[in-house]
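Tertiary structure, described
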Amino acid sequence: MTTLFLVVVLDLIGFGMIIPVFPFYAERVGVDPAAVIFFLGLYSLGQLVGAPAWGALSDRIGRRPVLLATLVANVLANLMLAMSHEPWSLAVSRVVSGLAAGNISAAYAYVTDITDDRTRPRALGLLGAAFGIGFVLGPAFGGLLAGDDPDGMHGLARVAYGAAALSALGVVLTWLRLPETLSADQRSGPCPPRVSPMAYLGRPVLRELLLSAIVVVAAVAMMQSTLALWAADELRVTATTLGWVYGFIGVVSTVVQAGLTGPLVRRFGPAALLRAGTAMAAVALLLLPTSASITQLLVWLGLFGVGSAIVNPSYSQLVATAAAPSERGAVLGAYQGASSLGRVIGPFAASGIAVALPLRWPFVAGGLLMLIGLAMQRGVVAPPPQPLVDATA
């Protein structure tokens, strides 16, 4: 578990390093500023396709080969980014990186293979904490490597090379220290199961989980894509202060997922915790635009950070419980794909709202959308796994 945690942290730090410098990079290679949001969305579009595919493949050939292949793909994507001098190559690098990010579903499946119902909540919480660490350390390292002149191509290339190096280190660690967890008799067979991720919507619990995940993640993405613009406009927040704000959210998320998720799931159950976290995030989104100072903003962002930190491992626990070992990677991949779809929908919805209305309204819309997601979770329980029968059999 320690090695897997470190591999995921390295990969996500590399992802986080790209976030603060990518808009500068895109403009330097000729991308119109208005089109940057499209290039950012290419990553999520790639993940939308990659997550279900890699998850299902890990059920067939094992978790370790998928982790190795996707880490190598991420190395290549970041090297391409470092050497990009045209918009098309920049676009390809982001699509490939998004496709490679489908390894997250294999990582979650790996955790479910080596844990039981008692230990799984804490393990999934630790894996979720890796995301928080990546979003805390990644942007800081990216800014450090970019140097004082982020508009300079050499500084931006250093960031991409640094991200590639971290993924390469992940390849080495996976190769040397990460054994396979899925035995031959647990695999789904040599031929790919003829089951579309959409087929999982036929199970009531999975349908509610996957559809509500799209809605909840879209609401989160609406906040994330609007926060910087709103804070700069309403609170006159500088880029440096905004970096500390994002760091604060990451720290809250890391602490909650690493230290509190396991005990809370064992006490209240993942379904109740999912609904509680969604409700907290909804309240935070609705109150966030009322902030008149940084202090008030941090209060509501803290509540949002706690709620969102509870939601993701709860979803993962419920999805994993609803899947048999031979299909767990595919089902978790379907969940990661649903989350990616939410991350595609959210920013574009927020952008459309911001064009017509003041910047506070994407937060309000996100809060209302979160409440809809909460209503969709009302029937979620933790059922015993039921393998999906081949629809063509």
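As the structure is a computational prediction, the values presented were derived from the model and not from experiment.

1. Considerations on the overall build of the protein
Scanning the protein from terminus to terminus reveals 14 helices and zero strands. For the protein, the succession of helices and strands along the chain, N to C, is α-α-α-α-α-α-α-α-α-α-α-α-α-α. Evaluated residue by residue, the protein yields a buried proportion of 52% over its 393 residues. At a minimum sequence separation of 6, the contacts of the protein that also span at least 24 residues come to 83%. Here the protein displays about 16200 Å² of accessible surface, and carbon together with sulfur accounts for 70% of that area.

2. Comments concerning the packing of aromatic side chains
Using the criterion set out here, one finds three aromatic pairs in the structure. Each ring, one from Phe15 and one from Tyr43, has its centre 4.8 Å from the other, and the planes form 35 degrees; the classification is tilted. Of the two residues, Phe15 sits in helix H1 (residues 2-18) while Tyr43 sits in helix H3 (residues 36-61), which places them 28 residues apart along the sequence. A relative accessible area of 22% means that Phe15 is categorised as partly exposed. Taking the centre distance of 5.6 Å and the plane angle of 80 degrees together, the rings of Trp230 and Phe363 count as edge-to-face. Pair noted here: Trp230 is in helix H9 (residues 204-234) and Phe363 is in helix H14 (residues 361-376), with a separation of 133 residues, a long-range link. The pair Trp230 / Phe363 is uniform in exposure class, with both members buried. Note that Arg64 overlies the ring of Trp175, its terminal NZ or CZ placed 5.2 Å from the centroid.

3. Observations regarding helix H6 (residues 103-113)
Within H6, 10 of the 11 residues are buried, leaving the element largely enclosed by the surrounding structure. Within H6, burial applies to Asn103, Ile104, Ser105, Ala106, Ala107, Tyr108, Ala109, Tyr110, Val111 and Thr112.

4. Some details on a nonpolar patch on the surface
A cluster of nonpolar side chains, namely Leu169, Val172, Trp175 and Leu176, defines an oily patch on the protein surface of about 440 Å² accessible area. Here Val172 is to be found in helix H8 (residues 153-177). Relative accessible area serves as the criterion here: at 42%, Val172 is assigned to the partly exposed category.

5. Considering the packing of H1 against helix H4 (residues 63-82)
It is the contact of H1 with H4, at a shortest axis distance of 12 Å, that shows an interaxial angle of 20 degrees. The angle between H1 and H4 places the two elements in the roughly parallel class. Helix-helix and strand crossings are classified by hand; for H1 and H4 the assignment is left-handed. In this structure, H1 uses Leu4, Val7, Asp11 and Ile18 to contact H4, whose residues at the interface are Leu67, Leu71, Asn74, Asn78 and Leu81. Along the lines of polarity and charge, the residues of the contact of H1 with H4 split into six nonpolar, two polar and one charged.

6. Digging into the nonpolar core
In this structure, Leu90 and Leu227 are the most contacted members of the largest nonpolar core, which totals 83 residues. Residue contributions to this core peak at 12 residues, all from H9. Apart from residues no more than four positions distant in its own chain, Leu90 is found in contact with Phe22, Tyr25, Ala26, Val29, Val31, Phe39, Leu81 and Ser84.

7. Description of the packing of helix H11 (residues 270-287) against H14
Geometry of a packed helix pair, given as the angle between the helix axes and the separation of the axes. As a packed pair, H11 and H14 sit with axes 7 Å apart at the nearest point and diverge in direction by 160 degrees. By the angle between their axes, H11 is roughly antiparallel relative to H14. Between H11 and H14 lies a crossing of left-handed hand. In this structure, H11 uses Arg275, Thr278, Ala279, Ala281, Ala282, Leu285 and Leu286 to contact H14, whose residues at the interface are Phe363, Val364, Gly366, Gly367, Leu368, Met370, Leu371 and Leu374. In terms of residue class, the contact of H11 with H14 is made up of 11 nonpolar, three polar and one charged.

8. A word on the confidence of the model for the protein
Here the protein averages 79 in pLDDT, and 83% of its residues register 70 or above. Low pLDDT, under 50, characterises residues 190-194; the predicted model gives this stretch eight contacts beyond four residues in sequence or across chains. Predicted confidence for residues 384-393 stays below pLDDT 50, and this span has 20 contacts to residues more than four positions away or in other chains.

9. Topic: the environment of Ala129
For Ala129, the position within the fold is in helix H7 (residues 120-146). When the C-alpha atoms of Ala129 and Thr261 are compared, they prove to be 9.9 Å apart, with 132 residues separating the residues in sequence. Residues contacting Ala129, with those up to four places away along its chain left out, are Thr254, Gln257 and Ala258.

10. Let's talk about the environment of Gly162
Locating Gly162 in the fold gives a position in helix H8. Sequence-distant contacts of Gly162, defined by excluding residues within four places in its chain, comprise Met17 and Leu145.

Cut-offs used in this document
Residue numbers here run from 1 along each chain, matching the order of that chain's written sequence. pLDDT decides what is reported in this predicted model: residues at 70 or higher carry local features, side-chain atom pairs at 80 or more are listed and counted, and totals for whole chains, interfaces and linings draw on all residues regardless. Only hydrogens and water are set aside; all other atoms, that is, all heavy atoms of the structure, feed into the side-chain values. Secondary structure elements follow DSSP: runs of H or I of four or more residues count as helices, runs of E of two or more count as strands, with numbering from the N terminus. Whether a residue is buried, partly exposed or exposed follows from its accessible area with a 1.4 Å probe, protein chains only, as a fraction of its type maximum: under 20%, in between, or over 50%, in that order. By definition in these notes, contact holds between two residues if any of their heavy atoms fall within 4.5 Å. We get accessible surface area from the Shrake-Rupley algorithm with a probe of 1.4 Å; when it comes to residues, only the shown protein chains can shield them. Classification of ring pairs rests on two measures: the distance between centres of Phe, Tyr or Trp rings, Trp counted by its six-membered ring, which must be within 6.5 Å, and the angle between planes, read as stacked under 30 degrees, edge-to-face over 60 and tilted in between. By the criterion adopted, a ring carries a charge over it if an Arg CZ or a Lys NZ lies within 6 Å of its centre and within 35 degrees of its normal. Each patch is built from salt-bridge-free residues with over 30% relative accessible area, joining like charges within 9 Å and nonpolar side chains (Val, Leu, Ile, Met, Phe, Trp, Tyr) within 5 Å. Basic side-chain nitrogens of Lys or Arg form a salt bridge, by our definition, when they fall within 4 Å of a carboxyl oxygen of Asp or Glu. Angles shown run from 0 to 180 degrees and are taken between the N-to-C directions of axes, each axis being a line fitted to C-alpha atoms and, for helices, limited to the stretch in contact. Oblique is the label for any angle not under 35 degrees, not over 145, and not in the 65 to 115 range, which are roughly parallel, roughly antiparallel and roughly perpendicular in turn. Two helices crossing with the near one rotated counterclockwise from the far one by less than a right angle form a left-handed crossing, whereas a clockwise rotation gives a right-handed crossing. When residues are grouped by polarity, Ala, Val, Leu, Ile, Met, Phe, Trp, Tyr, Cys and Pro land in nonpolar, Asp, Glu, Lys and Arg in charged, and all others, Gly among them, in polar. We call a set of buried residues a nonpolar core when its members are Ala, Val, Leu, Ile, Met, Phe, Trp, Tyr or Cys and they connect through side-chain atoms within 4.5 Å of each other. A score between 0 and 100, pLDDT records how confident the predictor is in each residue.

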